[in-house]
Amino acid sequence: MPELPEVETVRMQLWSKLSGRKIIRVKVFHEKTVGADGGFSRKLKGLTFADINRIGKLLIFSFRNKPGLYLLGHLKMTGQFFFVDKKGKLVGGGHAVSAADTIQFPGRHTRVAFHLEDGGTLYFNDMRLFGYLRLANEKSLQETRARFGPEPIAADFDPEQFADSLKKRKSSIKAVLLDQTFVAGLGNIYVDEALFYAGIKPTRQANKLTRVEAAKLAGGAKIILEEAIKNGGTTFQHFVDAEGKKGNHSAHLQVFGRQGLPCYRCGTIIKKTRVAGRGTHYCPGCQR
Ligand SMILES: [Zn+2]
């Protein structure tokens, strides 16, 4: 499953392709992807992309000529956005499940196609059908936004408030960081990496962390996410970015997927265990 850095990579690259482009026709191949909204295609026809934002892993497209209408897109397990230009060249991407996904458009897993004025097409592919596209108005967007906690990389992220909130949580710090309503955008990979950065064992009770540890964790989460975005995301399960390139962040991971290998920092063997129902990696030497 893509995490925040992968989705952010897709967002930035889609933006470079879609900015100012007009939708002339929308073809829905699979109704489940767009939900019960019968007017999906009709409402988007004629709109020009104004911006692409993101809340956690949810992409939010807005339009120049229709303020107050938004297109929300979530990749979930296997969703992909592919942009194909008018010459048929693939210049966009998302989350490739197999090489076959990028050969034919529309393909077997294409759920929605957005035909653009200049001949390019944006395809939403999704093999397992957990991903979705939904129209939202200002009110439903605000409701969606309210379900997400603050994001460590947001300009207004407040480490003090983060530390205060931790004091109210008795579950493991790993479980708390995975909870998107508490803090948005950290998935399994980056939670393990942030906890390693801060020297905190994943099983520690959240409310037992000191202020210093909480501050280090907040700072670490930001650094870890920013670095992963810079590297185009981590390549797992054939994730490719919007230009068909694989992310190259996996070489930078300190503990995730490194069980049985010596810690880069102290040489202790990295352990893998299960915390909050998820495979969890940590260094028994560095993390207390
Ligand atoms: Zn170590």
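These numbers come from a predicted model, not from an experiment.

**What to know about the overall build of the protein**
A tally of helices and strands in the protein yields eight helices and ten strands. For the protein, the spread of C-alpha atoms along the three principal axes comes to 55 × 40 × 30 Å. Going through the 288 residues of the protein one by one, you find that 41% of them count as buried. The contacts of the protein with a sequence gap of at least 6 include a subset with a gap of at least 24, amounting to 61%.

**Remarks on the sheet that holds strand 7 (residues 121–126)**
Here we have four strands laid out as an open sheet, ordered 1-6-7-5, and antiparallel in their pairing. Strands with a single pairing partner mark the edges of an open sheet, and in this sheet they are strand 1 (23–28) and strand 5 (79–84). Strand-to-strand twist of the sheet, defined as the mean angle between neighbouring strand axes without regard to direction, takes the value 15°. Two strands pair when backbone bridges link them, and strand 6 (residues 110–116) and strand 7 are joined in this way by five bridges, in the antiparallel orientation. Counterpart to Phe-114 in the pairing with strand 7 is Leu-122.

**Some words on the pairing of strand 7**
Across the six residues that make up strand 7, a large majority, six, are buried. Burial of strand 7 is two-sided: the residues Thr-121, Tyr-123 and Asn-125 facing one way and the residues Leu-122, Phe-124 and Asp-126 facing the other way are all buried. Of the pairings in the sheet, the one linking strand 5 to strand 7 comprises six bridges and is antiparallel in character. Note on strand 7: the bridge partner recorded for Gly-79 is Asp-126.

**A look at the UniProt feature "domain: FPG-type" (unreviewed entry) in the protein**
With numbering aligned to this structure, UniProt lists the feature "domain: FPG-type" (unreviewed entry) at residues 254–288. The annotated region residues 254–288 carries 0% helix and 29% strand content, and the separation between its end C-alpha atoms amounts to 16 Å.

**Here's the deal with the environment of Tyr-123**
Take Tyr-123: it is sitting in strand 7. Since 25 C-beta atoms lie within 10 Å of it, Tyr-123 is described here as buried. Between the alpha carbons of Tyr-123 and Gly-107 there is a distance of 9.3 Å; along the sequence they are 16 residues apart.

**Side note on the domain arrangement of the protein**
Think of interface size as the accessible area that goes away when the parts come together; that is how it is often given. Domains assigned within the protein are domain 1 (4–146) and domain 2 (159–238 + 249–282). With centres defined by C-alpha atoms, the gap from domain 1 to domain 2 works out at 30 Å.

**Focus: the sheet that holds strand 8 (residues 132–137)**
Hydrogen bonds between backbone atoms are what pair the strands of a sheet, whose relative direction is either parallel or antiparallel. Strand order in the open sheet made by the four strands is 2-3-4-8, with antiparallel pairing throughout. Both outer strands of the open sheet, strand 2 (49–55) and strand 8, are each paired with one neighbouring strand and no more. The average angle at which neighbouring strand axes cross in this sheet is 25°, direction not considered. As judged from the six bridges shared by strand 2 and strand 3 (residues 58–63), these two strands associate in the antiparallel manner. Bridged to Asn-53 within strand 3 is Ile-60. Here helix 1 (residues 4–18) sits on the sheet and contacts strand 2 and strand 3; the angle it forms with strand 2, its principal contact strand, is near 180°.

**Focus on the packing of helix 5 (residues 159–166) against helix 8 (residues 211–230)**
Relative orientation of the contacting elements helix 5 and helix 8 amounts to 125°, with a least axis distance of 9 Å. Relative to helix 8, helix 5 is oriented oblique. With respect to the hand of their crossing, helix 5 and helix 8 are arranged in right-handed fashion. Between helix 5, through Pro-159, Phe-162, Ala-163 and Leu-166, and helix 8, the contact on the second element is made entirely by Arg-211, Ala-214, Ala-215 and Ala-218. The class makeup of the residues in the contact of helix 5 with helix 8 is seven nonpolar, no polar and one charged.

**Quick word on the packing of helix 7 (residues 188–198) against helix 8**
The geometry of a pair of packed helices is captured by two quantities: the angle between their axes and the separation between those axes. In contact at an axis separation of 8 Å, helix 7 and helix 8 are set at 130° when each is read in the N-to-C sense. Put simply, helix 7 runs oblique to helix 8. Classified by chirality, the crossing of helix 8 by helix 7 is right-handed. Seen from helix 7, the contacting residues are Tyr-190, Glu-193, Ala-194, Tyr-197 and Ala-198; seen from helix 8, they are Glu-213, Lys-216, Leu-217, Gly-220, Ala-221, Ile-223, Ile-224, Leu-225 and Ala-228. Along the lines of polarity and charge, the residues of the contact of helix 7 with helix 8 split into ten nonpolar, one polar and three charged.

About the criteria used
Numbering of residues starts from 1 in every chain and runs along the sequence as written. Reporting in this predicted model follows two pLDDT cut-offs: at least 70 for local features of residues, and 80 or more for side-chain atom pairs to be given and counted; totals over whole chains, interfaces and linings ignore these cut-offs and use all residues. A helix here means a DSSP run of H or I that spans at least four residues, while a strand means a run of E at least two residues long, and both kinds are numbered starting from the N terminus. Put simply, a residue is buried when 20 or more other C-beta atoms lie within 10 Å of its own C-beta and exposed when 12 or fewer do; between those, it is partly exposed, and each C-beta is set from the backbone. Residues are treated as contacting if the C-beta atoms built from their backbones sit within 7 Å of each other. Strand pairing follows a simple DSSP-based rule, namely that at least 2 bridges must link the two strands. The convention used is that axes are lines fitted to C-alpha atoms, helices contributing only their stretch in contact, and that angles between N-to-C directions extend from 0 to 180 degrees. UniProt positions are given in the numbering used here, feature names are shortened, and annotations may be inferred rather than shown by experiment. Annotation comment: domain bounds sourced from an automatic or database domain assignment. Working rule for angles: under 35 degrees goes down as roughly parallel, over 145 as roughly antiparallel, 65 to 115 as roughly perpendicular, anything else as oblique. By convention, the crossing between two helices is left-handed when the near helix turns anticlockwise from the far helix through less than a right angle, and right-handed when the turn is clockwise. Amino acid classes used here: Ala, Val, Leu, Ile, Met, Phe, Trp, Tyr, Cys and Pro are nonpolar; Asp, Glu, Lys and Arg are charged; the rest, including Gly, are polar.

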